[in-house]
Structure formats: C-alpha cells, structure tokens
Amino acid sequence: MTEVRWERLTAPQLRALAERDAVVVVPVASLEQHGPHLPVWTDSFIGHSVSVRAAELCEDLPAVVLPPMWLGLSEHHFPFGGTISVDYATFAGILRCIVRSLLADGFSKVMLFNSHGGNIDPLAVSARELAHEFGIPVLTTTITKVAPAAISAALTAQKAIHHACEGETSIWMHLDPSQVRMEEIANSVSPGNFDAGSQASSRFWSFSERAPVTGVRGDARAATPEKGKAIFEAMAEGLARELRDTANWSPPDDVWRRGRAQGPR
C-alpha cells in the first residue's frame, strides 16, 4: 500500500507528491481529559487514524496526511486536569504557518480535518481567512459530520458521538484496546442529561458544568469493538468522499481584487 503519512516520507517523495497536486490532510485535534478510562490523546489519535485510512482509500487521488496538530481550544476541560490548550490567536497562527509552509513546499489543496468539538467554530473562521489570504482552497470538516447516519446507526445508547462516550470508546476498542482502562468503564457515564440553556444563544460552558463528576458525556458501558470498526470505517469513507469531490478544490474567488476592480457603487 502506498505510504500516505507525511512523517514517514522523504523530502524528494513529498516534492513528487506536490508535483502531482496532492491534497494535504491536516488532522486538527486536542490534548485533553477523556474521563477516567480513555487517554488524553483520544481526539488526536482518532482524527489522525481516520485521516490516514481515508487517504489510503483514495487510490485514484494522491493524498498525504500530516501528523496531528494536538493543540486545540480545550479550556473547557481544565477542571478535570490533564489538558493543554491554546487561545484562538495562537491556534489561528499555527494553522497559518502550516498552510504557508505547505505553499512553500508546492502544495495547494488543504483539508483541515477536525476531531475536537471546541475547534469547530475557530476552524470555520480560520479556513475562510486562510483561503482569502493565500488564494487556495482550504477546507474544513469535523469527524462526526462526514458520516452522521452511519454513526447513529452503529450506536445503541446514544444518538451521536459526544465525549469519551460509547462512540469514542468503541473506536479505541477497535484500534487499540490496550489503551482503554476497562476497570473504569463502569464509572464512565454521564451523571444526567445536560441542558445548555437556550439554543438561540451561545456562551462558554466548562465541562464541570456539562459533564460533572466524570468528564464523560454519554455512556461508555455500551462500547464494543464491532461498533468502533463500523464507525471508524464510515468516518474514513466519508472523509475520502470529501477529498475526492473535485468541486471542493476549485480556487476560491478573489473577492478582494474583484471588489477593488469594480470600485465603489
């Protein structure tokens, strides 16, 4: 199988991929608490693993996957310990440096593949700004959005993936069960339903408010390796579809130059 992991390739091999107009997948994740039973590496490990599998599925499309960006916006997890977070300015600055480096290396198609909920809004802004600044397609999507129906169909205790829950625990059981602290599964359950208030407004909620006591949203007791395999493969296939979609990779409209050319109205 063709190697798709950036860190395992040589500089000449990466230059050759750039000449083939390869898509670069940048897994964007976090380093944060995932309850008493899962490692703090959960989002980074899962996001990178799905990215690699998706790139392998794109045999008709050259694609390469960077190591995961493990610094995300995770301050809401601080009450439980084990969490490293950055502010938005730093987060956006790192992404800008990555995209600028990819341009210098000859690449011009970038997918910022997110696997952490706290990164969704910041990535939406960053992807838009980076496309404007560098004039190349910079996409972003989130791991739970590329195959929602398949994810929901695989789960039995919840309708979607939340945090350190049935879904994430199942994926770990499929990929590396040695990392799941099975003796803690009984303690890895949300203590109750969380009501975030009005759905018409947004504010900061810490995980001590969202998931008191356990730091888990969902029910890890329902996790199985079989569910994890189904979810993992569906996510990889969903990302592969996004990578293959040629409409995603058209150059962004240069709205700034067009506006200047037209002048005031």
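Please read all numbers here as calculations on a predicted model, not as lab measurements. (Residues numbered from 1 in each chain as written. Predicted model: local features only at pLDDT ≥ 70, side-chain atom pairs only at ≥ 80, totals over all residues. Heavy atoms only, no water.)

Another point: the pattern of salt bridges. All chains considered together, the criterion is met by 11 salt bridges. With a closest N to O distance of 3.8 Å, Arg53 and Glu56 form a salt bridge. Of this pair, Arg53 and Glu56 are both found in helix α2 (residues 42–57), three residues apart, which corresponds to roughly one turn of the helix. Here Glu56 falls in the partly exposed class, since its relative accessible area comes to 22%. For Arg203, the salt bridge identified is with Glu209, shortest N-O distance 3.6 Å. (Salt bridge = Lys/Arg side-chain N within 4 Å of Asp/Glu carboxyl O. Helix = DSSP H or I, 4+ residues; strand = E, 2+ residues; numbered from the N terminus. Buried < 20%, exposed > 50% of the residue type's maximum accessible area, 1.4 Å probe, protein only.)

Glycine aside, residues mostly have negative phi angles, and peptide bonds mostly take the trans form. Its identity as a non-glycine residue notwithstanding, Ala164 has a phi of 55°, on the positive side. You can see Ala164 is positioned in the loop between α5 (148–154) and α6 (166–175). With phi around 80°, Val213 is a residue other than glycine that occupies positive phi space. Here Val213 lies in the loop between α7 (207–210) and α8 (225–244).

This part takes up the side chain of Asn119. Within the secondary structure layout, Asn119 lies in the loop between β3 (110–114) and α4 (120–134). Using a relative accessible area of 0% as the deciding quantity, one classes Asn119 as buried. Setting aside chain neighbours within four positions, we find Asn119 in contact with Val28, Ala29, Gly72, Leu73, Phe91 and Asn114. (Contact = heavy atoms within 4.5 Å.)

The next point concerns the packing of aromatic side chains. Tallying each qualifying case throughout the model produces two aromatic pairs. Between Trp6 and Phe107, the ring centres sit 5.5 Å apart and the planes meet at 45°, which makes this aromatic pair tilted. With Trp6 in the segment before α1 (11–19) and Phe107 in the loop between α3 (88–104) and β3, this residue pair connects regions lying 101 residues apart in the sequence. Look at Trp6 and you get buried, because its relative accessible area is 17%. For Phe107, a relative accessible area of 2% gives the class buried. (Phe/Tyr/Trp six-rings, centres within 6.5 Å; stacked < 30°, edge-to-face > 60°.)

Our focus in this paragraph is the nonpolar core. In this structure, Val50, Met111, Phe113, Ile161, Ile231, Met235 and Leu243 are the most contacted members of the largest nonpolar core, which totals 31 residues. Contributing elements (two or more residues each) for this core: β1 (23–28), α2, β2 (63–65), β3, α5 and α8. Counting residues in hydrophobic clusters, the runner-up holds 29 residues, among them Leu9, Leu73, Leu95 and Ala131. (Core = buried A, V, L, I, M, F, W, Y, C linked by side-chain atoms within 4.5 Å.)

Another aspect to go through is the sheet that holds β2. Spatial ordering of the open sheet is given by β2-β1-β3-β4, a layout of four strands whose pairing is parallel. Each edge of the sheet is formed by a strand with only one pairing partner; in this case those strands are β2 and β4 (138–142). Ignoring which end each strand starts from, the neighbouring axes of this sheet average 25° apart. Note that β1 and β3 share five bridges and pair parallel. Note that in β3 the partner of Val28 across the bridge is Asn114. (Pairing = 2+ DSSP bridges. Axes fitted to C-alpha atoms, helices over the stretch in contact; angles between N-to-C directions.)

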